[in-house]
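Working through the structure, step by step
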Amino acid sequence: MQSMKPQTATTGRSLHDLISRNFLKAVQRGKCIEARELIIALPESFPDLYDPDRLLQMFTNRFKEKYGVECVSALHHNKRKTNYHIHLIFSERELLPEPIEKIATRNMFHTEQKKHVRTKKEILDDSGNVRKGCKIIKKGEVYERTLFTAKNKLFKQEHYLDEAKRFYTDLINLLIEDNKDKLHVFDKNGLYLATKKIGKNNPKAEQIKEDNEVRMQWNHEVDRALVSQVPEDEIRQIKQKWITERIRLSIDVFGKCPETLAGIITTATAKLALLISKVLTTARELKNKLFHEAIEKEYASKAVIKAEDTACCYNSS
């Protein structure tokens, strides 16, 4: 495993403190999210082609140059050096060029819970001493130092992950010499459904496996539809109406229930199979019609020729 650490330990600690303070101020429940993570899969040929330290530094620096946020990374692989991938962990905040400091204009008093109170009396014990854990910030001292900007809202937007996928796919392709080995980003707005990788010891492995099976059934029907000359727009309409909109409706009514996905996709697959059947039936009927018309035309043509030949015989007589 290769790792790339932050530029300074102070930066990481300051960021951790800032996020923790903001989380407590907001009185939010659940876990405090200190960073976000990307897992970047790399081609299995890379261990033999590129130095791991330089490769890791390149991928980390490119991300920082593009988004301007602090990040750390680690490169992992197994004993056979397959499953080659990078874990890139990044902050949603940018480091300010100069820290913003707030200066106390009067003595400030804080309780054990770091709550600001107005008077010194509120942090004294019965003996008149400052209670353990309480704090006094004297007038003129710095009571708050901000090193980072507010969270960048880009990282919560829906299109961000697609952008990041394309960004790293393009970077990987620059390092791949053979065009046939170059990578492509799956188009979620296309006709097909993506399958999910089942990670080791995943507690939802059975459910993901079942979902993958119905996704592959849909993809198989899409292949059949394209071969059967079904217009892509009609396939896309079925996907939109019977998958995308049904999933959205299910979430609105029942919340996130992954177990309903298989039923939704199965219904959509049946609708697509019915459309294929109709298209093939129509094509077969049209083919038969054209065939009979051609036969009738041919017989009619032969009949005219025979009649003309018969007329010629009579005239000769």
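Residues numbered from 1 in each chain as written. Predicted model: local features only at pLDDT ≥ 70, side-chain atom pairs only at ≥ 80, totals over all residues. Heavy atoms only, no water.

Focus on the packing of helix H3 (residues 52-67) against helix H4 (residues 159-174)
If you want to describe how two helices pack, look at the angle between their axes and the distance between the axes. It is at 12 Å that the axes of H3 and H4 come closest, and there the two elements cross at 135 degrees. By the criterion of interaxial angle, the relationship of H3 to H4 is oblique. The interaxial crossing formed by H3 with H4 has right-handed handedness. In contact with Met58, Phe59, Arg62, Phe63, Lys66 and Tyr67 of H3, H4 contributes Tyr160, Glu163, Ala164, Phe167, Tyr168, Leu171 and Ile172. Residue classes in the contact of H3 with H4 are distributed as 10 nonpolar, no polar and three charged. (Axes fitted to C-alpha atoms, helices over the stretch in contact; angles between N-to-C directions. Helix = DSSP H or I, 4+ residues; strand = E, 2+ residues; numbered from the N terminus. Parallel < 35°, antiparallel > 145°, perpendicular 65-115°, else oblique. Left-handed = near helix turned anticlockwise from the far one by under 90°. Contact = heavy atoms within 4.5 Å. Nonpolar A, V, L, I, M, F, W, Y, C, P; charged D, E, K, R; others polar.)

Side note on unusual backbone geometry
One non-glycine residue, Lys114, lies in positive phi territory at about 65 degrees. Here Lys114 lies in the loop between strand E6 (108-110) and strand E7 (116-117). Judged by its relative accessible area of 72%, Lys114 falls in the exposed class. (Buried < 20%, exposed > 50% of the residue type's maximum accessible area, 1.4 Å probe, protein only.)

Things to note about the packing of aromatic side chains
Geometry of an aromatic ring pair is reported as the spacing of the ring centres plus the angle between the planes. Here the structure, examined in full by the defined rule, presents 11 aromatic pairs. On the basis of an interplanar angle of 5 degrees and a centroid distance of 5.4 Å, the ring pair of Phe59 and Tyr168 is categorised as stacked. Taken together, the positions of Phe59 in helix H3 and Tyr168 in helix H4 put the pair 109 residues apart, joining distant regions of the chain. Take Phe59: its relative accessible area is 0%, and that puts it in the buried class. Seen in terms of ring centroids, Phe63 and Tyr67 are 4.8 Å apart; in terms of plane orientation they differ by 45 degrees. Their pairing is tilted. In this pair, Phe63 and Tyr67 are both assigned in helix H3, four residues apart and thus about one turn of the helix distant. The burial state of Phe63 is the same as that of Tyr67; both residues are buried. (Phe/Tyr/Trp six-rings, centres within 6.5 Å; stacked < 30°, edge-to-face > 60°.)

A word on the sheet that holds E7
Taken in spatial order, the three strands line up as E7-E6-E8 in an open sheet, and their pairing is antiparallel. This sheet does not close on itself; its edge strands, each paired only once, are E7 and strand E8 (135-137). With three bridges joining them, E6 and E8 adopt antiparallel strand pairing. If you follow His110 over to E8, its bridge partner there is Lys135. (Pairing = 2+ DSSP bridges.)

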